[in-house]
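# Residue-level structure breakdown
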Amino acid sequence: MSSSDEDMEVTRTTAVHVPTTLAAASAAAAAAAKDTAAAAVAAAEATAGASVRAAGKAKETRSYALVLQEAKLARADAQIRARVAEIERAQAAAEITGSTPPSVEPTAATPSTSSVASSAEPPQGRSRKRTRWGARTEAASGGQETVAGTAASAAGDDAVAPAAKRRKVSRWDVASDGEDEAKTGPGGKAGAKATQPASAAGGVGSTWTDAQLDALLPQGFAIVEPPAGYVEQHPGALATSRTRAPGSGAVSGEDAYVMPAAEGTVSLEAYGVQPGMVADAERSGVHSLKPDDYEYFAPILGKDAEAEDASSLSTDEQKERKVLRLLLKIKNGLPSQRKVALRTITDKANELGASALFGQILPLFLAPSLEDAERHLLVKVVDRVLYKLKSAVRPFVHKILVVIEPMLVDEDPYARVEGREVISNLAKAAGLTSMVANMRQDIDHADHVVRDVTARAFAVVGVALGVPLLIPLLEAVVASQTWQARHTGVKIVQQLAILQGVGILPHLQSLVAIVAPQVTDVKPSVSNMAANALAALAEASAPYGIDAFDPVVEPLWEGIKIHSGRTLAAFLKAIGFIIPLMEPAHANHYTREVMVVLVKHFSTVLDDMKLVVLKVVEQVIGADGVPADYVTAEVLPEFFAHMWVRRNALDARCARQLEDTTVALAVKVGGAPILTRLIEYIRDDSEPFRRTAVLTVTKVVEACGVADVDVRLEERVLDALVLAFQDQSTQDVVFLRGLAAFVNALGVRVKPYLQPIFTAVKWRLNNAMPHVREYAADLVAAIAPVVIECDEEVRLARMAVVFYENLGEEFPEVLGSILGALSAIVSVIGMTKMTPPIRDLLPRLTPILRNRHEKVQENCIRLVGRIADRGARFVSGREWMRICFDLLDLLKATRKSTRAAAVSTFGFIAKAIGPQDVLATLLANLKVQERQNRVCTTVAIAIVAEACSPFTVLPSLMNEYRVPEINVQNGVLKALSFMFQYIGEMAKDYIYAVAPLLQDALMDKDPVHRQTAATVVQHLALGVYGLSCEDAVLHLLNYVWPNILETSPHVINAVMDAIMASRLALGAPRILMYTLQGLFHPARKVRSAYWRVYNDAYVANPDALVPFYPDLTPLAPQPKPIFPPGCGEGPALPSVTAGPDLYVRSEMEYFL
């Protein structure tokens, strides 16, 4: 046999427990039954083998299939006889022991399988096991041979064999009945041994003998020796996994089909993770666990997580597990869990220790499946922990840098900002010495990527701790013998200039002196980086600092003459940024000299060189001393001939820089020369090239205007823009914006061209393409104000009728543009001249408010609000109330601008029909469960109060506060907050009315109540500043002040804002009186709160605090009293000398 056939030797059994209470007679009967069955099976095997071998010799008389069928029938006959003998022996044993004999029921036979199944139906409580081929398996205890029987009738071979010949039964016709027979023996009692021979079945789960294999396999097969090191699996090791679900017929264990695991995946057990623990974590809110998470969080998800109590773990292990639980909630928990865990891990950072924290946090950064959002959360954890641990992070500086430094070169700009913030806080916590010690070995690293991130990290450290501290290090680095170190030092200077910006000016002289010797370095990469660093320094310090660059101008100028390629591009860039800093005369001279080199490289095909040349031209042209005539004569012809080509329009970066350089040229020489040259590019066949030209025209018109554009040129440009607008084949708004910008710039000069423009718009409104109709409507909305300036109201009114007829548009994008055009027309043409009339237009808009498309919603609400603001009298109040109910649903819109438009519309409608009905609708909406809806409702109430005066809203609002529902009361307080924020100084008339309500809210046990009430006090105090309402503000401050010790961040922020606003209304001395009592409190948390208030007051009003500091003279040492001669010293007096145990309280001295 081959090695692959050895699997057939594996027998799957179930364990059988043999009781020790069986009678000796029963055991003897079972042994005799087994011997008889084995002899019968051996005889059947010999007969079958002989039949198969005879078939090979008489192949011409009988077929192999017929011989095989006869062998199967012979085996089935032997199995049935053995089964009958087994049952008889079992009945005899049952009579001896006094037990109940097993019942025998016939079942269908399956001749199509490898054996004819035949067995007895087990009694109640007896377990049978059926293999996938219809055979039951029974196991003997003590590791004895497995007995595999087949299910068949016990009625005898006379009934079974003819039935097998008459009909072939599928293996799926055999029903699954019973469980594993190993639990109860044939006699129906637990522990009885199974006596059915395994070799008689020849099916799955049985042992195949050499005789059986000889009978089945053709001649020529040989038994192969097992390979070295092969360990034979125990026959009963896998039997329990091949059972079927009892009574269901469903296949389970190894018989069931299992989806193949993805390549590289490992089961939970491989990580030591219990599925039950994972399920508990998911039920608690933790979700989206990945294989990496199982590996990292195995200590809290594994089998030992619950077994080990606190006493069996060391202190460090307990801390690590606590950190892991918090990190799991932060990384994969719900927002509420994440917030609590973040606060906990921040507050207990010193208690947990740096080792436990960074030992668990930092490995998570290296997970290959870490997502951006998860990395952001982990960075937030590291950032907060660094602030708490301070100098304790020094042993972990290198590990933190390993995971954070790659973020400095990440593609995501937000990730780069986060990386810089973490390294900055790390530098402040660990100090410059520790940072330099951990990054020094990477300064001259062979890998350029490592040197790059190291230079960026050093620049961040310099910005955090101060550039002067870094200058001695830079001087030593650039003096190194290795070019890698010099390259890194110059790179640090470049990154410092990029990060510091204009703040580099105080250190400009020193940094230029560090970089200057490297401009002439023998290593091209070092000189290249030195030129780039000088360019960054010049760009950051513009328009100052030309004196600092005097030593490097000549080396740069000489380098332009001798270098080429990337080094030449770097030198040109440096010169280009230094020239604008020069005096006008010097700038003119150097511009003319360098322009020769630039013009020569206008036709370069290198993208990097092209970008540098365009940037340098933009810089030098903008210098003060460069005359416009020189640019027009020497630069423009070559520039448009070589730079304005189709290839440059296909590269996004090059096209953007080309547009900026062209705009700079237009600013220098005027818009007309540039527009004249751009006309031919607007008519080009290449649409990307046309797009770049139109976008440049838009920027030129916005920057320079059209004052120097004559009639002929404006006609040509307008004609080209209209043609480009009509010929666009992509959905791009550039052509629309370009045409609208030029039309709006022309003003009344565009009147002769309105007829062809509107003709094109009407034609495009009937186009089959949706985006064509959309852009046509957007064009009308953009140029509507100019059309009114040209006295073309009739033309706009006709277009309004056309748009009104198209309100049934099926495409939402087009419908939104039509509504936007109608809104623009209504705004400029007026309500009385509008056609169709407003009373006909508004009912058509009401159903459109229910459209769920964002663009349709926003434009429709704006149009309704415009009508409510200017033409509410044309519509009945009932119609406005119906619109109010529709607007309530729009307060749940996802787009913020849509919600803002709906809120503003409520104010317009309330002003038109009165606040009572609108206010009743809004107050009822405060009872909804959705928070965003309630917040928008409170804003709408505040706007209604601002539009209709607060006295029309305040009584109903204060009465609604009496409703004992927390959402309603919070909504009322928030509405008051927005209202006092909007009405400003009018709050002086209502502060005394709302003081009792705020007094109740500031004493409420709900922290949200107190938070919102503190916000109301803040806006009230700011509104009544200087209006003689100090007594009411002081009364409210007395209720705000006890909340100064709140721990909730939202509540404490609102309380601090209220105290700062009260400081403005009452004056800093009054707040100082409240603050002094807690500055030296024994409790640290109390001192922290009071010092925060004091620091805010000291920053805002230090001059006002000084006269009101307490008099501390009693604490000064008192001179010893002098007695007259002869009087003695008198009685001893108590000492008043200040000491460590003497505390004297003195009254504050006020002088106004």
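It should be emphasised that the depicted structure is a prediction, and the values quoted were computed from it without experimental measurement. (Residues numbered from 1 in each chain as written. Predicted model: local features only at pLDDT ≥ 70, side-chain atom pairs only at ≥ 80, totals over all residues. Heavy atoms only, no water.)

### Examining the overall build of the protein chain
- Secondary structure assignment for the protein chain yields 51 helices and two strands.
- Put simply, of all contacts in the protein chain between residues at least 6 apart along the chain, 72% involve residues at least 24 apart.
- A total accessible area of about 54900 Å² is found for the protein chain, and carbon and sulfur atoms account for 55% of it. (Helix = DSSP H or I, 4+ residues; strand = E, 2+ residues; numbered from the N terminus. Contact = heavy atoms within 4.5 Å. Areas by Shrake-Rupley, 256 points an atom, 1.4 Å probe, with all protein chains shown as cover.)

### Let's talk about the confidence of the model for the protein chain
- Overall, the prediction assigns the protein chain a mean pLDDT of 79, with 75% of residues at 70 or greater.
- In this model residues 1–30 is a low-confidence stretch, pLDDT under 50, and it forms 65 contacts with partners more than four residues away in sequence or in other chains.
- In this model residues 235–254 is a low-confidence stretch, pLDDT under 50, and it forms 47 contacts with partners more than four residues away in sequence or in other chains. (pLDDT = per-residue confidence, 0-100.)

### Considering the packing of aromatic side chains
- Scanning the entire structure with this criterion turns up 15 aromatic pairs.
- With a centroid separation of 5.5 Å and 90° between ring planes, the pair formed by Phe639 and Phe640 is classed as edge-to-face. Residue Phe639 shares its accessibility class with Phe640, and that shared class is buried.
- Here Tyr681 and Phe689 contribute two aromatic rings whose centre-to-centre distance is 5.3 Å and whose plane-to-plane angle is 50°, an arrangement assigned as tilted. (Phe/Tyr/Trp six-rings, centres within 6.5 Å; stacked < 30°, edge-to-face > 60°. Buried < 20%, exposed > 50% of the residue type's maximum accessible area, 1.4 Å probe, protein only.)

### Section: the pattern of salt bridges
- For the structure shown, the criterion picks out 29 salt bridges.
- Ionic pairing is found between Asp886 and Arg850, a salt bridge with its closest N-O pair at 3.8 Å. Here Arg850 lies in the loop between α37 (838–848) and α38 (854–870) and Asp886 lies in helix α39 (residues 877–890), a separation of 36 residues in the sequence.
- Under the relative-accessibility criterion, Asp886 is labelled buried at 13%.
- Several salt bridges converge on common partners, so that one network encompasses Glu854, Glu858, Arg862 and Arg895. (Salt bridge = Lys/Arg side-chain N within 4 Å of Asp/Glu carboxyl O.)

### A few points about unusual backbone geometry
- Cis geometry marks the peptide bond from Ala542 to Pro543; its omega dihedral reads 5°.
- Although it is not a glycine, Asp791 adopts a positive phi angle of roughly 60°.
- If you trace the backbone, Asp791 turns up in the loop between α34 (770–789) and α35 (793–805).
- One non-glycine residue, Ser1028, lies in positive phi territory at about 60°.

### Looking at the side chain of Thr454
- Position of Thr454 among the secondary structure elements: in helix α17 (residues 448–465).
- Apart from the residues lying within four places of it in its own chain, the contact partners of Thr454 are Glu405, Met439, Asp442 and Ile443.

### Quick look at the packing of helix α18 (residues 467–478) against helix α19 (residues 483–500)
- Remark: α18 packs on α19, axes separated minimally by 8 Å, with the N-to-C direction vectors making an angle of 155°. Viewed along their axes, α18 and α19 adopt a mutual orientation that is roughly antiparallel. For the crossing formed where α18 meets α19, the hand is left-handed. For the pair α18 and α19, the contacting residues are Val467, Leu470, Leu474, Val477 and Val478 in the first and Ala485, Arg486, Gly489, Val490, Ile492, Val493, Leu496 and Gln500 in the second.
- Class assignment of the residues belonging to the contact of α18 with α19 gives a composition of 10 nonpolar, two polar and one charged. (Axes fitted to C-alpha atoms, helices over the stretch in contact; angles between N-to-C directions. Parallel < 35°, antiparallel > 145°, perpendicular 65-115°, else oblique. Left-handed = near helix turned anticlockwise from the far one by under 90°. Nonpolar A, V, L, I, M, F, W, Y, C, P; charged D, E, K, R; others polar.)

### Description of a positive patch on the surface
- A cluster of basic side chains, namely Lys388, Lys390, Arg1084 and Lys1085, defines a positive patch on the protein surface.
- Mapped onto the fold, Arg1084 is located in helix α50 (residues 1084–1100). (Patch = residues over 30% accessible without salt bridge, like charges linked within 9 Å, V, L, I, M, F, W, Y side chains within 5 Å. Lys, Arg positive; Asp, Glu negative; His and termini not counted. Charge placed at Lys NZ, Arg CZ, Asp CG, Glu CD.)

### What about helix α44 (residues 966–983)?
- With 18 residues, α44 extends 26 Å from end C-alpha to end C-alpha; this agrees with the ideal 26 Å at 1.5 Å per step.
- Burial within α44 is extensive, with 14 of its 18 residues counted as buried.
- Once α44 finishes, Gly984 follows within two positions and takes phi at roughly 65°, a positive value. (Expected span 1.5 Å × (residues − 1).)

### A closer look at the side chain of His1019
- As for its placement among the helices and strands, His1019 is situated in helix α46 (residues 1007–1023).
- According to the relative accessible area criterion, His1019 is buried, its value standing at 15%.

### Notes on a nonpolar patch on the surface
- A cluster of nonpolar side chains, Val463, Ile498 and Leu499, forms an exposed patch at the surface whose accessible area comes to about 220 Å².
- Looking at the secondary structure, you find Ile498 in helix α19.

### What to know about helix α9 (residues 315–332)
- Helix length check: α9 (18 residues) gives 26 Å between terminal C-alpha atoms against 26 Å at 1.5 Å per residue, within 8%.
- Taken together, the buried positions of α9 are occupied by Arg321, Val323, Leu324, Leu326, Leu327, Leu328, Ile330, Lys331 and Asn332.

### Description of the environment of Ile471
- Summarising the element assignment, Ile471 is placed in helix α18.
- When its relative accessible area of 11% is taken as the criterion, Ile471 is described as buried.
- Taking the C-alpha atoms as reference points, Ile471 and Val493, 22 residues apart in sequence, are found 9.4 Å from one another.
- Not counting residues up to four positions away in its chain, the partners in contact with Ile471 are Ser510, Leu511 and Ile514.

### Brief notes about the packing of helix α33 (residues 754–765) against α34
- Axis separation between α33 and α34 bottoms out at 8 Å; the angle between their running directions is 150°. The angle between α33 and α34 places the two elements in the roughly antiparallel class. The handedness of the crossing between α33 and α34 is left-handed. Facing Leu754, Ile757, Phe758, Val761, Arg764 and Leu765 of α33, the residues of α34 in contact are Val772, Arg773, Ala776, Ala777, Leu779, Val780, Ile783 and Val787.
- Looking at the contact of α33 with α34 residue by residue, the classes come out as 12 nonpolar, no polar and two charged.

### Quick notes on the environment of Thr696
- In this fold, Thr696 is placed in helix α30 (residues 687–704).
- Take Thr696: its relative accessible area is 0%, and that puts it in the buried class.
- Thr696 sits 22 residues away from Ile674 along the chain, and the two C-alpha atoms are 9.6 Å apart.
- There is a polar contact of 2.7 Å between the side chain of Thr696 and the backbone oxygen of Thr692. (Polar contact = N/O pair within 3.5 Å; in protein donor to acceptor, adjacent residues only side chain to side chain.)

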